[in-house]
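Overview (structure and organization)
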Amino acid sequence: TESVTVPTTPTAPEQAPDNLIPDDAENIYKVTFMNVYEPGKASVAFGGTKKLFGRELDESEFAFLLYRTGDDFVIAENTEPLQQVRNDEEGLFNFESIAFGKVGEYHFVILEDNSDELGGVIYDTSRYLITVTVSDYHGILKAKYSVSDAYGNKSDIVFRNEYKAAAVSLPITGRKVLEDM
C-alpha cells in the first residue's frame, strides 16, 4: 500500500469530481488520518520536616530518601533511591519535582537515611507512603498526591529524632592525709 498526502485546504466545490473513485480504477490508494495526542506533563514535588529533640538541629545533618515502588509500597532489595536530599537549617527538606506524562497511579516511599548514624541520636524509622494520581482534564494532565503512614493513616511527612548524650562515668580517686595535731 502506498501513502498519499492529502492537502489540508479544501478543494473548491466546482473542482470536486462527481465520483471520487471511478468504477474501473485499478490503483486505489488508502488515505489514513492520524491524530497525535500529547498532553502537557504534570509534575509534583514532595517535602517534609525534620525535628530533633535534645539539641539544636544543624543544616544538612540528616538525609532523606525517595523511592519509587509498586502499589504494595515495597522497596526491593538493592534498589537505589530515586532522590536523596538533606534538611535545611529549619529542618525542612524538599525533593526535586517529578514529571508524569501518562494518566495513572504512581507510588513512592520516603525514609530517613540512618546509614551515617550520629552518636546519641535515636532515629525515626517511619515510612511515608505516597500515592500520586495523574488525571487528564481536557488535554492537560493534573497530578495530586496523598501521604499516609505505614498503617495507612493520612499523615504529614515529619521525622522526629531524639538526641540523648551517652552517660559518662569518671572515676574519682583521692588520698586522705592525716597529720599530727
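Just above, that's the structure.
Residues numbered from 1 in each chain as written. Predicted model: local features only at pLDDT ≥ 70, side-chain atom pairs only at ≥ 80, totals over all residues. Heavy atoms only, no water.

**With respect to the overall build of the chain**
What counts is decided by this rule: The helix and strand labels rest on DSSP assignments: H or I over at least four residues marks a helix, E over at least two residues marks a strand, and numbering proceeds from the N terminus. Here a residue-residue contact requires only that any non-hydrogen atoms of the pair lie within 4.5 Å. For the accessible areas, the method is Shrake-Rupley and the probe is 1.4 Å, while residue cover comes only from the protein chains on display.
When helices and strands are tallied, the chain shows 0 helices and 11 strands. For the chain, the sequential pattern of α-helices and β-strands runs β-β-β-β-β-β-β-β-β-β-β. Sequence separation of at least 24 residues holds for 66% of the intrachain contacts in the chain that already meet a minimum separation of 6. Looking at the chain as shown, the accessible area adds up to about 14000 Å², and 48% of this sits on carbon and sulfur atoms.

**Considerations on the packing of aromatic side chains**
Worth spelling out the cut-off: Working definition: rings of Phe, Tyr and Trp (its six-membered ring) pair if their centres are within 6.5 Å, and the pair is stacked with planes under 30 degrees apart, edge-to-face with planes over 60 apart, and tilted otherwise. In this scheme, a residue with accessible area under 20% of its type's maximum is buried, one over 50% is exposed, and one in between is partly exposed, where area comes from a 1.4 Å probe on protein chains only. Here, a charge over a ring is recorded when the distance from Lys NZ or Arg CZ to the ring centre is within 6 Å and its angle to the ring normal is within 35 degrees.
In this structure the tally under the stated criterion is 10 aromatic pairs. Between phenylalanine 46 and tyrosine 145 the ring centres are 5.1 Å apart and the planes differ by 90 degrees, which places this aromatic pair in the edge-to-face class. Highlighted residues: phenylalanine 46 in the loop between strand E1 (42-44) and strand E2 (47-53) and tyrosine 145 in strand E10 (residues 140-148), separated in sequence by 99 residues. Residue classification places phenylalanine 46 among the buried residues on the basis of a relative accessible area of 2%. With a relative accessible area of 39%, tyrosine 145 lands in the partly exposed category. Through a chain of ring-to-ring contacts, the aromatic side chains of Phe46, Phe100, Tyr106, Phe108 and Tyr145 assemble into a single cluster. One residue, lysine 50, lies across the ring of phenylalanine 62, its end atom 4.6 Å from the ring centre.

**Structural notes on the environment of valine 132**
Residue position: valine 132 is located in strand E9 (residues 127-137). The exposure class of valine 132 is buried, given its relative accessible area of 0%. With 89 residues separating them along the chain, valine 132 and serine 43 place their C-alpha atoms 10.0 Å apart. With residues near it in sequence (within four places) discarded, valine 132 still touches Val44, Phe46, Phe100, Gly104, Glu105, Tyr106, Phe108, Ala143, Lys144 and Tyr145.

**Observations regarding the pattern of salt bridges**
Where we set the bar: What counts as a salt bridge is simple: a side-chain nitrogen of Lys or Arg found within 4 Å of a carboxyl oxygen of Asp or Glu.
All told, the structure shown has 3 salt bridges when counted by the stated rule. For arginine 55, the salt bridge is made with glutamate 61, and the minimal N-O distance between the two is 2.3 Å. The partly exposed category is assigned to arginine 55, whose relative accessible area is 26%. The residue glutamate 162 makes a salt bridge to lysine 164 at a minimum N-O spacing of 3.8 Å. Looking at glutamate 162, the relative accessible area reads 36%, which means it is partly exposed. Relative accessible area serves as the criterion here: at 48%, lysine 164 is assigned to the partly exposed category.

**Examining the pairing of E2**
Rules: Note on pairing: DSSP must find at least two bridges between two strands before they are called paired.
Residues of E2 alternate between two faces, with Gly48, Lys50 and Leu52 buried on one and Gly47, Thr49, Lys51 and Phe53 left unburied on the opposite face. The sheet contact formed by E2 and strand E5 (residues 92-94) spans 3 bridges and is antiparallel. Residue pairing in the sheet places glycine 47 in a bridge with asparagine 94 of E5. In the sheet, E2 pairs with strand E11 (residues 158-163) via 5 bridges, with the strands oriented parallel.

**Regarding the sheet that holds E5**
Across the sheet, 4 strands lie side by side as E5-E2-E11-E8; this open sheet has mixed pairing. Bordering the open sheet on either side are E5 and strand E8 (121-122), each of which pairs with just one other strand.

**Let's talk about the side chain of aspartate 113**
Inspection of the secondary structure assignment puts aspartate 113 in strand E7 (residues 104-113). Not counting the four nearest positions on each side in its chain, aspartate 113 is found in contact with Ala63, Phe64, Leu65, Gln84 and Tyr123.

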